[in-house]
Amino acid sequence: MQPLKIVAIYGSPRRKGNTALLLKEAVKGAQDFGANVEEIVLRDLNISPCLEIYGCKESGECRIKDDFQTVRDKILASHGLMIASPVFFYAVSAHLKILMDRFQSLWVKKYWVDNIPGEPQKFIRKGLLISVGATKGKKLFDGILLTLRYFFDVLDMELWRTLLYRGLDFEGDILKHPDYLDEAYAAGKGFVEALGDLC
Ligand SMILES: Cc1cc2nc3c(=O)[nH]c(=O)nc-3n(C[C@H](O)[C@H](O)[C@H](O)COP(=O)(O)O)c2cc1C
């Protein structure tokens, strides 16, 4: 059996913020159960927003050369993706949205260059979403979930599970909820089990 590869994307600008601590627990859970996890902190990388020049129309390769290519290759070589983002104005963080938009080059490769038929889709990866917002509204995560659904589509990725927590605002708020951190650890372990189906 090939080793399970997971990529964990830290999407918050806060290094020790609420989503970062939750993701760290999920990563620990996955590592303790044998997965090989590559952690990527988006705020440390140099990734330009999509410039919509459609240089990718030629071959599906993005013309902007920066850290995107390395992140893309790691994600495409993985079985599972853990993504953590705070809710920022009912959407994902800007760091994460910039990364997502650059994957338009992969969408172009699949549907324009390689002409892959849209349906039926075969999932070859699974994803775990972790998100946190300060408020408590019913629709707090609706924007993120919709964006993620279409982002995962381009990666042939099934949304395996979400961990969504309301009412957390200041750095360290998550530490008042050890049960949430335990859930994240358990999700990391469960993720490894679920990914076993793909190997
Ligand atoms: C730019 C910005 C926009 C935000 N927008 C929202 C929002 O729309 N709804 C909400 O409930 N919280 C919002 N928040 C609060 C964050 O979601 C909250 O502080 C969260 O705990 C941050 O997670 P982190 O510590 O992982 O960065 C916003 C915070 C910032 C800085």
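Structural notes, computed from the coordinates.

**Details of the pattern of salt bridges**
Part 1 of the argument: On inspection of all chains with the given rule, the structure shows 14 salt bridges.
Part 2 of the argument: Between Arg-15 and Asp-44 there is a salt bridge whose closest N-O contact spans 2.8 Å. Taken together, the residues Arg-15 in the loop between β1 (5–10) and α1 (18–32) and Asp-44 in the loop between β2 (36–41) and α2 (68–76) connect sequence positions 29 residues apart.
Part 3 of the argument: On the accessibility criterion, Asp-44 (45% relative accessible area) is partly exposed.
Part 4 of the argument: The salt bridge involving Glu-38 is made with Lys-74; its shortest N-O contact spans 2.9 Å. On the criterion of sequence distance, the pair formed by Glu-38 in strand β2 and Lys-74 in helix α2 is long-range, its members being 36 residues apart.
Part 5 of the argument: The class for Glu-38 is partly exposed, based on a relative accessible area of 33%.
Part 6 of the argument: Note on Lys-74: relative accessible area 32%, which makes it partly exposed.
Part 7 of the argument: Within the structure, one salt-bridge network assembled from shared partners comprises Glu-61, Lys-65, Arg-72 and Asp-73.

**Remarks on the site of the ligand**
Part 1 of the argument: Taken together, the neighbourhood of the ligand is formed by 17 residues, with Ser-12, Thr-19, Thr-135, Leu-168 and Asp-169 sitting nearest.
Part 2 of the argument: Within the contact set of the ligand, an oxygen atom lies 2.6 Å away from a side-chain nitrogen or oxygen of Ser-12.
Part 3 of the argument: Between the ligand and Asn-18, the relevant distance is 2.8 Å, taken from an oxygen atom to a main-chain nitrogen or oxygen of the residue.
Part 4 of the argument: Out of a free accessible area of 640 Å², the ligand has 78% covered by protein chains.

**Details of unusual backbone geometry**
Backbone geometry follows two general trends: most residues other than glycine have a negative phi, and most peptide bonds adopt the trans configuration.
Part 1 of the argument: At Glu-52, a residue that is not glycine, the phi angle is positive and equals roughly 55 degrees.
Part 2 of the argument: Within the secondary structure layout, Glu-52 lies in the loop between β2 and α2.
Part 3 of the argument: On the basis of relative accessibility, which here comes to 61%, the residue Glu-52 falls in the exposed class.
Part 4 of the argument: The phi torsion at Asp-156 lies on the positive side, around 50 degrees, for a residue other than glycine.
Part 5 of the argument: Considering the arrangement of structural elements, one finds Asp-156 in the loop between α5 (142–154) and β5 (157–165).

**Quick look at the side chain of Arg-72**
Part 1 of the argument: Relative to the elements of secondary structure, Arg-72 occurs in helix α2.
Part 2 of the argument: Judged by its relative accessible area of 10%, Arg-72 is buried.

**Notes on the packing of α1 against helix α6 (residues 178–195)**
Part 1 of the argument: Viewed as axis vectors pointing N to C, α1 and α6 meet at an angle of 40 degrees, and their least axial separation amounts to 7 Å. Between α1 and α6, the angle is such that the two are oblique. At the point where α1 passes α6, the crossing takes the right-handed sense. Facing Leu-21, Leu-22, Glu-25, Ala-26, Lys-28, Gly-29, Ala-30 and Asp-32 of α1, the residues of α6 in contact are Tyr-180, Leu-181, Ala-184, Tyr-185, Gly-188, Lys-189 and Val-192.

**Observations concerning the nonpolar core**
Part 1 of the argument: Ranked by size, the top nonpolar core spans 29 residues in total, and within it Ile-9, Leu-81, Ile-83, Leu-99, Phe-103 and Leu-155 carry the most contacts.
Part 2 of the argument: At the level of elements, β1, α2, β3 (80–86), α3 (94–102) and α5 are the ones that each hand at least two residues to this core.
Part 3 of the argument: If you tally residues by element for this core, the top one is α5, at five residues.
Part 4 of the argument: Discounting chain neighbours no more than four positions away, the residues touching Leu-99 are Ile-9, Leu-42, Ile-47, Phe-68 and Val-71.
Part 5 of the argument: Ala-8, Ala-26, Val-27 and Leu-168 belong to the second largest nonpolar core, which has 28 residues in total.

Criteria and thresholds
- Residues numbered from 1 in each chain as written.
- Predicted model: local features only at pLDDT ≥ 70, side-chain atom pairs only at ≥ 80, totals over all residues.
- Heavy atoms only, no water.
- Salt bridge = Lys/Arg side-chain N within 4 Å of Asp/Glu carboxyl O.
- Helix = DSSP H or I, 4+ residues; strand = E, 2+ residues; numbered from the N terminus.
- Buried < 20%, exposed > 50% of the residue type's maximum accessible area, 1.4 Å probe, protein only.
- Near = heavy atom within 4 Å.
- Polar contact = N/O pair within 3.5 Å; in protein donor to acceptor, adjacent residues only side chain to side chain.
- Areas by Shrake-Rupley, 256 points an atom, 1.4 Å probe, with all protein chains shown as cover.
- Axes fitted to C-alpha atoms, helices over the stretch in contact; angles between N-to-C directions.
- Parallel < 35°, antiparallel > 145°, perpendicular 65-115°, else oblique.
- Left-handed = near helix turned anticlockwise from the far one by under 90°.
- Contact = heavy atoms within 4.5 Å.
- Core = buried A, V, L, I, M, F, W, Y, C linked by side-chain atoms within 4.5 Å.

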